[in-house]
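Report on the structure
Read off the chains here:
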Amino acid sequence: MAKTRQFKWRVEYMHWSPDGVEGVVMAINGKFPGPTIRARTGDTISVELTNKLLTEGVVIHWHGIPQRGTPWADGTASISQCPINPGETFVYTFIVDKAGTYFYHGHYGMQRSAGLYGSLIVEVAKDEKEPFHYDGEFNLLLSDWWHKSSQDQQIDLSSKPFRWIGEPQSLLMNGRGQFNCSLAAQFSKSSVPQCKLRGDEQYAPQIIHVHPNKTYRLRVASSTALSSLNLAIGGHKMVVVEADGNYIQPFSVENMDIYSGESYSILFTTDQNPSNNYWISVNVRAREPKTSQGLTILNYIPNFGSKIPISPPPLPPLWNDYNYSKVFYKKIFGLIGSPKPPTQYNRRFLLLNTQNRIEGYTRWAINNISLVFPTTPYLGSIKYGINNAFDTKSPPDTFSKDYDIMKPPPNPNSTYGNGVYMLKFNTTIDIILQNANALAENVSEIHPWHLHGHNFWVLGYGDGDFTTEDAETTFNLNNPPLKNTIVVFPYGWTALRFVANNPGVWAFHCHIEPHLHIGMGVVFAEDVHLVKNIPNEALTCGLTGKMFAKDKHK
Ligand SMILES: O=C1O[C@H]([C@@H](O)CO)C(O)=C1O
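Source: prediction; values computed, not measured.

Attention now goes to the overall build of the protein chain. Looking only at helices and strands, the protein chain has 6 helices and 32 strands in total. The C-alpha radius of gyration of the protein chain comes to 23 Å, within 12% of the 24 Å expected for a compact globule of 554 residues. Taken along the three principal axes of its C-alpha coordinates, the protein chain extends 70 × 55 × 55 Å. Every one of the 554 residues in the protein chain was classed for burial, and the buried ones make up 51%. Within the protein chain, residue pairs in contact and separated by at least 24 positions form 78% of the contacts whose partners lie at least 6 positions apart.

Structure follows, in structure tokens:
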């Protein structure tokens, strides 16, 4: 029987020490990370969220949940709703219709960087079975942490001249990391001392307790603001079985990459020498690392949890060994029996990712337009046919064929925009993300793109310019995986396909929070006239707010 699971949450700032250095985090009901939601397929989640921040609005996005019939509950400021004002309460009600590993996070300004996130786990319904067996499970929510506040970071990014936020001070697992000490100091050449922990510190690692000769499911999700990560369990193989809430063909790896916005389940068997403990590590990938690895301990019961493993923590692949990541990604296929993509598309977008300047500000742009959010949420302005709420002209579907992706933009000046791509109902949409050189010579960065409201099939990847021949010769239409977040590698392209069958307005953006903040996203609108029952409370700002006020006075 499906249930309604009700929660009452308060969002507020509190003092906290995620890595041993006290700072301020955005907490839910006094917890950082926020409480874990557990539900079963078919359940309704109802979160009554009260904003206890004194001076800023807040929203929460339920990452990976398609929000069919409830697009107003997607929790994206300016898109699906108005920010919830200080002191006000908003109720998110939605159905979780697919088992999997998900998470939730702030989607306004840089509140994810401020620590507004938590896990959302959907188990199969009581009468259903997972397509694999395990004896127990654990959950790791990965994040990165800065000692500079998210407000300061936001100001840096919006300043002229631009100030980049730099690399994080710590990597966190379930909100815990170590900055001034290391769990593995004895194996390292650096001068950081060995951590002396009682275990009850806010920054003490959450130790994973296992019994020998069992199989465990590890659910991992990455809520990082910036970092791409590589995860390993020393001495243990990992079998990857789920990606972004979708079952995949199981495959075995020594370690795995996980990008911001992705989630996976892996199975591991505790078949190693039971008198030892083992490391679980995360390391920065795809940007030159300046952050120590994140660590916790896999504790074989009955050893002490604090017993340090006898070998050094696993070493990650080189940060810029992109081939390593590509090999991993190319092993991901939909589980046999998973839905297949339509073989034809109706509309194909080619989205060029560039770093640009606008009036001296540094921005990211898609087909030369840098996204700025409107005051009135698109869902409301489109539903109620309000004029002048955003650019009526849609952004271009493609970019100039002459563009040289290997060079910095010849004319770095782009423009601000907040136009929308209007998608026709039930059409099949292809998106080719085309990466390019950033503003500096010989630099092209990785970008994990996340689509709201949908899963998409990942049809293929390639290096250099995308061509139509690439589509014909390399696309996998047979068993591509379904995902909601996918990376575009430096100087490469990534192709994905989805069916526009979910009425609502959906963001598609780089999940690196500072990149979204400076324009790296687009907006899709799908048959908004079919959306029913938008609660007025979702739209009490901007022009929809004015409209409601007028109606009241009539
Ligand atoms: O958006 C970014 O800006 C910096 C750099 O390109 C300019 O300082 C960086 O590494 C980003 O990812």
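Turning to the environment of proline 205, a few remarks are in order. Tracing the backbone shows proline 205 in the loop between strand E10 (170-173) and strand E11 (208-210). In sequence terms proline 205 and serine 149 are 56 residues apart; their C-alpha atoms lie 23 Å from each other. If we ignore the near neighbours within four places in the chain, the residues touching proline 205 are Met173, Arg176, Leu183, Leu295, Thr296 and Ile297.

Turning our eyes to something else, we now look at the sheet that holds E10. With mixed pairing, the 6 strands of this open sheet are ordered in space as E10-E9-E12-E17-E14-E15. Pairing within the sheet leaves two strands with one partner each, and these edge strands are E10 and strand E15 (246-253). Pairs of neighbouring strands in the sheet enclose a mean axial angle of 25 degrees, with direction left out of account. Two strands pair when backbone bridges link them, and strand E14 (residues 238-243) and E15 are joined in this way by 5 bridges, in the antiparallel orientation. Opposite alanine 243, over in E15, you have asparagine 246 as the bridge partner.

Positionally, serine 252 belongs in strand E15. Assessed through the 12 C-beta atoms surrounding it within 10 Å, serine 252 is described here as exposed. Between the C-alpha atom of serine 252 and that of tryptophan 72, which follows or precedes it by 180 residues, the distance is 39 Å. Beyond its immediate sequence surroundings of up to four residues, serine 252 is in contact with Lys237 and Val239.

So, about the UniProt feature "domain: Plastocyanin-like" (unreviewed entry) in the protein chain. Under the present numbering, the feature "domain: Plastocyanin-like" (unreviewed entry) in UniProt falls on residues 11-124, 138-301 and 407-527. Annotated as 0% helix and 43% strand, the span residues 11-124 places its first and last C-alpha atoms 29 Å apart. When the span residues 138-301 is considered, its composition is 5% helix and 42% strand, and the gap between its end C-alpha atoms is 15 Å.

Time to look at the site of the ligand. The ligand sits among Trp164, Gln355, Ala438, Glu445 and His515. The residue makeup of the shell around the ligand, split by class, is 2 nonpolar, 2 polar and 1 charged.

Turning to the sheet that holds strand E8 (residues 117-123), a few remarks are in order. The strand order E3-E8-E7-E5 describes an open sheet built from 4 strands, whose pairing is mixed. Two strands in the sheet have a free side with no partner beyond their single neighbour: strand E3 (37-40) and strand E5 (60-63). Ignoring which end each strand starts from, the neighbouring axes of this sheet average 20 degrees apart. Where strand E7 (residues 100-106) lies against E8, 6 bridges are found, and the strand directions are antiparallel. Bridge pairing in E8 places phenylalanine 103 opposite serine 119.

All right, on to the nonpolar core then. Counting 145 residues, the largest nonpolar core has Leu142, Tyr378, Leu496, Val505, Val523 and Ala525 as its most contacted members. When near neighbours in sequence (up to four residues on either side) are disregarded, alanine 525 contacts Tyr378, Ile382, Val420, Met422, Leu423 and Val505.

On to the pairing of strand E17 (residues 263-269). With 6 of 7 residues buried, E17 lies mostly within the body of the structure. Note: E14 against E17, 4 bridges, orientation antiparallel. Each bridged residue has a counterpart across the sheet, and for valine 239 the counterpart in E17 is leucine 267.

What counts and what doesn't
- Residues numbered from 1 in each chain as written.
- Predicted model: local features only at pLDDT ≥ 70, side-chain atom pairs only at ≥ 80, totals over all residues.
- Helix = DSSP H or I, 4+ residues; strand = E, 2+ residues; numbered from the N terminus.
- Rg over C-alpha atoms; globule rule 2.2 N^0.38 Å.
- Buried ≥ 20, exposed ≤ 12 C-beta atoms within 10 Å, placed from the backbone.
- Contact = placed C-beta atoms within 7 Å.
- Pairing = 2+ DSSP bridges.
- Axes fitted to C-alpha atoms, helices over the stretch in contact; angles between N-to-C directions.
- UniProt positions renumbered as here; feature names shortened; annotations may be inferred.
- Near = placed C-beta within 6 Å.
- Nonpolar A, V, L, I, M, F, W, Y, C, P; charged D, E, K, R; others polar.
- Core = buried A, V, L, I, M, F, W, Y, C linked by C-beta atoms within 7 Å.

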